[in-house]
Amino acid sequence: MSKVRYTSIAIILHWVMALLIFVTWSIAIAIDDMPLSPARITGLSWHKWLGVTIFFLVILRLLWRAIHPAPPLKVQMPAWQEMVMQLTHFTLYLLMVAIPVIGWLMSSAKGYTVNYFGLFELPDLVDKDKALGDQLKLIHELLANGLMVLVGLHILAALKHQFIDKDGLLGRMTFGGSINEK
Amino acid sequence: MKSNFLLRVPTLLKALLLAFMMGVISSSYAAEYSSIDIAKSKITFTSKLMGSKISGNFGKFSGKVLFNPDEPEKAKANIVIDIASFNAGGDELQEEAKGKDWFSAKLFPMASYVTESIKTTGPNSLDVRGTLTIKGKAIPLLIAVKYQPQGKQMLFDANFQVLRLDFGLGAGNWADTSAVANEVPVNVHLVLNQK
């Protein structure tokens with residue numbers, strides 16, 4: 001049976017974004033309680049630069065996905081699990097778009113123009129508005145934490161398929177290795 | 001003798017009349033501008049945090065000015081800026097800016113710019129030499145100024161750059177210019193009223 005997997009581009013985008021999301025979220029956690037300092041400004045800048053990168057990549061990824069559908073699911077699983085899987089994937093995509101955009105809005109509302117690695121500036125989406133900035137911050141954090149919970153679920157499900165069901169599901173999103181191929 | 005005297009009188013009168021008329025003309029034309037229209041005037045600046053522009057302004061300032069477009073080189077200005085009116089970024093940044101590492105607003109509540117000499121560099125443009133004092137540090141500063149009348153007011157515009165570290169703005173860790181740029185472009189828009 002021929003091995004089914006996502007396209008190489010899709011696999012690369014998946015793992016690069018996974019790493020970027022983890023690093024971006026970690027930076028936010030690390031600087032959250034820091035008083036305003038050069039270190040905090042540096043951290044926040046990297047958080048925004050990586051966040052903008054994630055935003056660009058997710059757009060690319062969605063476009064790619066639109067013309068390269070996911071490979072057929074050749075793994076047997078109960079209908080409810082497949083539904084949860086579809087819902088999780090959909091929500092992951094949604095959050096990967098929403099969180100950077102809300103972060104960008106939040107930065108504008110707080111009066112800080114977002115730039116990209118100091119190369120160019122992104123337009124301010126809204127005028128400076130303290131109350132709006134504080135609200136957007138709450139939403140940004142809530143959604144980001146929600147994303148991390150979903151990522152946790154996503155990883156646990158993948159591990160379950162890999163080590164308990166041993167059905168080779170992870171092979172859909174990895175290169176080489178046909179250890180668990182049916 | 002008599003005819004001579006008669007001849008002289010009209011000459012004297014003419015001279016007086018001419019002098020009077022010139023006086024009227026020049027006083028109506030060469031108005032003096034000596035007060036600042038604070039509501040229309042603006043002092044804004046731009047800083048860069050890790051490559052991102054962040055603009056701000058000082059909302060409160062006052063000063064003594066004297067400007068006569070006939071004698072622009074005799075103009076004088078002494079502008080005083082209220083540091084507490086610093087406005088840029090969020091609350092956190094605002095508090096930090098007024099703290100001891102930056103403006104130290106409690107010790108140095110005012111900044112000032114006092115002109116020393118003025119040179120005309122072209123029509124409606126001046127080179128203004130003066131001293132800028134921030135956080136107790138006085139540094140000479142040359143500012144190119146453009147001016148133009150608008151109605152009964154005189155508008156002045158100047159763009160210049162200050163180096164924050166010259167004034168000890170950003171002590172300790174903040175001296176790192178990769179996080180906060182040393183160069184701070186400043187824009188001054190001053191509107192003067194005739195007294």
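Residues numbered from 1 in each chain as written. Chains lettered and ligands numbered in written order. Predicted model: local features only at pLDDT ≥ 70, side-chain atom pairs only at ≥ 80, totals over all residues.

### Points about helix α2 (residues 38-67) of chain A
Residues spaced three or four apart along an α-helix face the same direction, because each turn holds 3.6 residues.
Link 1 in the chain: The terminal C-alpha atoms of α2(A), which comprises 30 residues, lie 44 Å apart, in line with the 44 Å expected from a rise of 1.5 Å per residue.
Link 2 in the chain: Buried positions along α2(A) lie against α1 (8-31), α3 (79-109) and β1 (115-116) of chain A together with β2 (42-49) of chain B. (Helix = DSSP H or I, 4+ residues; strand = E, 2+ residues; numbered from the N terminus. Expected span 1.5 Å × (residues − 1). Contact = placed C-beta atoms within 7 Å.)

### Topic: the confidence of the model for chain B
In low-pLDDT segments, the atomic positions of the prediction should not be examined closely.
Link 1 in the chain: When pLDDT is averaged along chain B, the result is 89, and 88% of the positions lie at 70 or above.
Link 2 in the chain: Confidence metrics for the complex model read pTM 0.79 and ipTM 0.71. (pLDDT = per-residue confidence, 0-100.)

### Re the packing of α3(A) against helix α4 (residues 130-165) of chain A
Residue and element names in this part refer to chain A.
Link 1 in the chain: At a minimum axis separation of 9 Å, α3 and α4 run at an interaxial angle of 155°. Classed by the angle they form, the pair α3 and α4 counts as roughly antiparallel. Like other packed secondary-structure pairs, α3 and α4 cross with a definite hand, here left-handed. (Axes fitted to C-alpha atoms, helices over the stretch in contact; angles between N-to-C directions. Parallel < 35°, antiparallel > 145°, perpendicular 65-115°, else oblique. Left-handed = near helix turned anticlockwise from the far one by under 90°.)

### Here's the deal with the pairing of strand β3 (residues 52-58) of chain B
All names here are of chain B.
Link 1 in the chain: As defined by bridge partners, β2 adjoins β3 across seven bridges and the pair is classed as antiparallel. Paired with threonine 44 across the bridge in β3 is asparagine 57.
Link 2 in the chain: Between β2 and the antiparallel strand that follows it, β3, lie two residues; methionine 50 among them carries a positive phi value of about 45°.
Link 3 in the chain: Across three bridges, the pairing between β3 and strand β6 (residues 86-88) is antiparallel. The residue bridging phenylalanine 58 from the neighbouring strand is phenylalanine 86, located in β6. (Pairing = 2+ DSSP bridges.)

### Things to note about the nonpolar core
Link 1 in the chain: Residues Val65(B), Phe67(B), Ile81(B), Phe103(B), Met154(B) and Leu192(B) are the most contacted members of the largest nonpolar core, which totals 33 residues.
Link 2 in the chain: Sorting elements by how many residues they give to this core places strand β8 (residues 125-134) of chain B first, with four residues.
Link 3 in the chain: If near-sequence neighbours (up to four positions away) are discounted, Ile81(B) is found in contact with Ile43(B), Phe58(B), Phe61(B), Met110(B), Ala111(B) and Ser112(B).
Link 4 in the chain: With 11 residues, the next largest nonpolar core counts Ile102(A), Leu105(A), Val114(A) and Leu136(A) among its residues. (Core = buried A, V, L, I, M, F, W, Y, C linked by C-beta atoms within 7 Å. Buried ≥ 20, exposed ≤ 12 C-beta atoms within 10 Å, placed from the backbone.)

### Overview of α1(A)
Link 1 in the chain: Its 24 residues give α1(A) an end-to-end C-alpha distance of 35 Å, which sits within 8% of 34 Å, the value for a rise of 1.5 Å per residue.
Link 2 in the chain: Listed as buried for α1(A) are Ile21(A), Thr24(A) and Ile27(A).

### Considering the interface of chain A and chain B
Link 1 in the chain: Tallying the contact residues gives 14 residues for chain A and 15 residues for chain B.
Link 2 in the chain: A total of four residues in the side of chain A that touches chain B trace back to one element, the largest contributor, which is α2(A).
Link 3 in the chain: Along the lines of polarity and charge, the residues of the side of chain A that touches chain B split into five nonpolar, seven polar and two charged. (Nonpolar A, V, L, I, M, F, W, Y, C, P; charged D, E, K, R; others polar.)

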